[in-house]
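Take a look at the letters that make up each chain.
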Amino acid sequence: MSAEDLENYETDMELALYREYRDVVGLFSYVVETERRFYLANHVDLQVRSAAGEVYFELALVDAWVWDVYRSARFVKSVRVVTFKDVNVEELAKAELDLGSGTGFAR
């Protein structure tokens, strides 16, 4: 396999992942970003914890989808994340999720 073949394969996988995201985003209520992953979820519980003077975040997600091109199964029942890095949680407005009208994205 040449370097060009590998690059084309990775590009195709990323495009397929974006298309899957576009198809499933309407099923979820929250977008969650951590340093390592991007998630869609229907329930998010974020707890700020501290131990030995350090602050960390404990995040529990239920009914989630994981943005990861290398995962064979992106839908997960529950996810638990513990991180010292920033966590961003946004509630999705259902009106914002219509990617098919007027945005240049075709379904």
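Keep in mind it's a predicted model, so treat the numbers as computed, not measured.

Draft legend 1. Summary view of the overall build of the chain. Secondary structure assignment for the chain yields one helix and five strands. What you see in the chain, going N to C, is helices and strands ordered as α-β-β-β-β-β. Taken across its 107 residues, the chain has 30% of its residues classed as buried. Of the contacts made within the chain by residues no fewer than 6 positions apart, 54% connect residues no fewer than 24 positions apart. Counting every atom, the chain has about 7,400 Å² of accessible surface; 49% of that belongs to carbon and sulfur.

Draft legend 2. Structural context of a negative patch on the surface. Where like charges cluster on the molecular surface, the negative patch consists of Glu 4, Asp 5, Glu 7, Glu 10 and Glu 14. With respect to the helices and strands, the residue Glu 7 is situated in helix α1 (residues 3-24). A relative accessible area of 54% places Glu 7 in the exposed class.

Draft legend 3. Focus on the sheet that holds strand β3 (residues 54-67). Pairing in this open sheet of five strands is antiparallel, and the strands run β4-β3-β2-β1-β5 from one edge to the other. Among the strands making up the open sheet, the edge pair consists of β4 (75-83) and β5 (88-91). Between one strand axis and the next, the sheet turns by 20° as a mean value, whatever way the strands run. Note that β3 and β4 share eight bridges and pair antiparallel. Each residue of the ladder has a partner; that of Glu 58, found in β4, is Val 82. Running over the sheet, α1 touches β2 (38-51), β3 and β4 and is turned about 85° from β3.

Draft legend 4. Quick look at the packing of aromatic side chains. Evaluation of the coordinates by the stated rule reveals eight aromatic pairs. Ring geometry for Tyr 56 against Phe 84: centres 5.8 Å apart, planes inclined by 55°, an arrangement best described as tilted. You can see Tyr 56 sitting in strand β3 and its partner Phe 84 sitting in the loop between β4 and β5, a full 28 residues away along the chain. Under the relative-accessibility criterion, Phe 84 is labelled exposed at 56%. Put simply, the rings of Tyr 18, Tyr 21, Phe 38, Trp 65 and Trp 67 pair up and form one aromatic cluster.

Draft legend 5. Region of interest: α1. Over its 22 residues, α1 runs 32 Å from end to end, which matches the ideal 32 Å to within 8%, given 1.5 Å per residue. Turning to α1, its buried residues are Leu 17, Tyr 21, Arg 22 and Val 24. The inward-facing, buried residues of α1 contact β2, β3 and β4.

Draft legend 6. The pattern of salt bridges, seen in detail. Enumeration over the complete set of coordinates arrives at five salt bridges. Across the salt bridge formed by Arg 37 and Asp 68, the nearest N and O atoms sit 3.5 Å from each other. Residue Arg 37 is located in the loop between β1 (30-33) and β2, and its partner Asp 68 is located in the loop between β3 and β4; the two are separated by 31 residues in the primary sequence. In this structure Arg 37 comes out as partly exposed when scored by relative accessible area, which is 27%.

Definitions and limits used
- Residues numbered from 1 in each chain as written.
- Predicted model: local features only at pLDDT ≥ 70, side-chain atom pairs only at ≥ 80, totals over all residues.
- Heavy atoms only, no water.
- Helix = DSSP H or I, 4+ residues; strand = E, 2+ residues; numbered from the N terminus.
- Buried < 20%, exposed > 50% of the residue type's maximum accessible area, 1.4 Å probe, protein only.
- Contact = heavy atoms within 4.5 Å.
- Areas by Shrake-Rupley, 256 points an atom, 1.4 Å probe, with all protein chains shown as cover.
- Patch = residues over 30% accessible without salt bridge, like charges linked within 9 Å, V, L, I, M, F, W, Y side chains within 5 Å.
- Salt bridge = Lys/Arg side-chain N within 4 Å of Asp/Glu carboxyl O.
- Lys, Arg positive; Asp, Glu negative; His and termini not counted.
- Charge placed at Lys NZ, Arg CZ, Asp CG, Glu CD.
- Pairing = 2+ DSSP bridges.
- Axes fitted to C-alpha atoms, helices over the stretch in contact; angles between N-to-C directions.
- Phe/Tyr/Trp six-rings, centres within 6.5 Å; stacked < 30°, edge-to-face > 60°.
- Expected span 1.5 Å × (residues − 1).

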